[in-house]
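A structural walkthrough
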Amino acid sequence: MDPATLIGILLALIGLLVAVILEGGNPLAFLNLPSFFIVFVGTAGVTMASVRLKGFASVPRLIVKGLKSARGMDGSEVVGTLVRLAERARREGLLAIEEDLAEVPDPFLRKGLQMVVDGTDPEVVRDVLRADIDGMAERHRRGYTMFLTAGGFSPTLGIIGTVMGLVHVLEQLADPNELGPSIAVAFIATLYGVAAANVFYLPMANKLKALSEEELELRELAVDGILAIQAGENPRIIGEKLASYLPPAKPKPERQASADSAAAVAAEEPA
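Residues numbered from 1 in each chain as written. Predicted model: local features only at pLDDT ≥ 70, side-chain atom pairs only at ≥ 80, totals over all residues. Heavy atoms only, no water.

On to the overall build of the chain, then. Helix and strand counts for the chain come out as ten helices and zero strands. Overall, the chain shows an N-to-C arrangement of helices and strands of α-α-α-α-α-α-α-α-α-α. Counting across all 271 residues of the chain, residues that qualify as buried make up 36%. Sequence separation of 24 or more characterises 77% of the internal contacts of the chain that already satisfy a separation of 6 or more. Carbon together with sulfur atoms contributes 64% to the accessible area of the chain, which is approximately 15000 Å² in total. (Helix = DSSP H or I, 4+ residues; strand = E, 2+ residues; numbered from the N terminus. Buried < 20%, exposed > 50% of the residue type's maximum accessible area, 1.4 Å probe, protein only. Contact = heavy atoms within 4.5 Å. Areas by Shrake-Rupley, 256 points an atom, 1.4 Å probe, with all protein chains shown as cover.)

Spelled out as structure tokens, the structure:
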């Protein structure tokens, strides 16, 4: 779990509240139910109108995903798995790795390896896996685009709420004592709209987009590894090639382990 998004959002809210307190204001004065409905319910409505209902229903799951950053295997685990399978395939043949497929937790990786074991043509393997990647990328794009859409609508709904509030203020011109508080309440809707967009909707969209890019890169790594195993490449070379996908700080132990394992395999092979 990566708590950066949750901590960041909470930190931003705390910063806003502390600023209000330091200015001598009362945070409770910013609580306004009509503004809440105009901005948040209104933003939800216009966002729903912009996408399919099925996609909008996935918003709670996307929020949880963005806050938890939950995902399957990380890059080092995928590289380690592929190098280990490459070593066994080199010693015993491609059919031997079928026994290990049940232990591969990632469905995408398992699917590609199963096609290799089944003797599928490399071009077909590549095309099928690339199609899966393209489909996943499009699903992810629709997900984070919803939050970008909400981030665009939210400030506008806030302005609409402020205009509605100012109309109510103009109705009270006969009572000057009520003008100040009424104007202050009117502008709370704008505050809600701008804050919601910049503290939640847009950060969530950016986080989901970043997670999508990480997962796409991990799948590209898996495709290269699967095709390398099918081509019978040296496990050490596979490890070195796949390690290039990983951040510099992470691949070193994996790379060394891959090199040591590959050296052991090479030592067992006849000259």
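Bringing helix H7 (residues 122-170) into the picture now. Taking 1.5 Å per residue as the helical rise, H7 with its 49 residues ought to reach 72 Å, and the 72 Å between its terminal C-alpha atoms agrees with that figure. The N-cap of H7, judged by a side-chain oxygen 3.0 Å from the amide nitrogen of Glu123 a few residues on, is Asp121. (Expected span 1.5 Å × (residues − 1). Polar contact = N/O pair within 3.5 Å; in protein donor to acceptor, adjacent residues only side chain to side chain.)

With that settled, the discussion passes to the confidence of the model for the chain. Looking at the chain, the pLDDT average stands at 85 and 86% of residues meet or exceed 70. Note that residues 250-271 has pLDDT below 50 and, in this model, 23 contacts with residues that lie over four places away or in other chains. (pLDDT = per-residue confidence, 0-100.)

With that settled, consider the packing of aromatic side chains. Remark: the centre distance and the inter-plane angle together describe each pair of aromatic rings, the angle taken between the planes. In the structure shown here, the tally under the stated rule is five aromatic pairs. Ring geometry for Phe36 against Phe40: centres 4.9 Å apart, planes inclined by 35°, an arrangement best described as tilted. Of this pair, Phe36 and Phe40 both sit in helix H2 (residues 33-50), four residues apart, which is roughly one turn of that helix. With relative accessibility at 36%, the residue Phe36 sits in the partly exposed group. Ring geometry for Phe147 versus Phe200: centroids 6.4 Å apart, planes at 70°, classification edge-to-face. With Phe147 in helix H7 and Phe200 in helix H8 (residues 179-230), this residue pair connects regions lying 53 residues apart in the sequence. By relative accessible area, which is 4% here, Phe147 ends up buried. Of the aromatic side chains, those joined through ring pairs into one cluster are Phe36, Phe37, Phe40 and Tyr192. (Phe/Tyr/Trp six-rings, centres within 6.5 Å; stacked < 30°, edge-to-face > 60°.)

What follows concerns the nonpolar core. The biggest cluster of nonpolar side chains holds 30 residues, and the ones touching the most others in it are Leu82, Leu109, Leu113, Leu129, Leu221, Ile226 and Ile229. Residue assignment for this core shows that the elements contributing at least two residues are helix H5 (75-92), helix H6 (107-117), H7, H8 and helix H9 (235-243). With eight residues, the single largest contributor to this core is H8. Leave out the neighbours within four places in its chain, and Ile226 touches Leu82, Leu109, Gly112, Leu113, Val116, Val125 and Leu129. With twelve residues, the next largest nonpolar core counts Val59, Met146, Phe147 and Ala150 among its residues. (Core = buried A, V, L, I, M, F, W, Y, C linked by side-chain atoms within 4.5 Å.)

The partly exposed category is assigned to Phe40, whose relative accessible area is 29%. In the structure, Phe40 is positioned 110 residues away from Ala150 in sequence and 9.5 Å away in space, judged by C-alpha atoms. Discounting chain neighbours no more than four positions away, the residues touching Phe40 are Tyr192, Ala196 and Tyr201.

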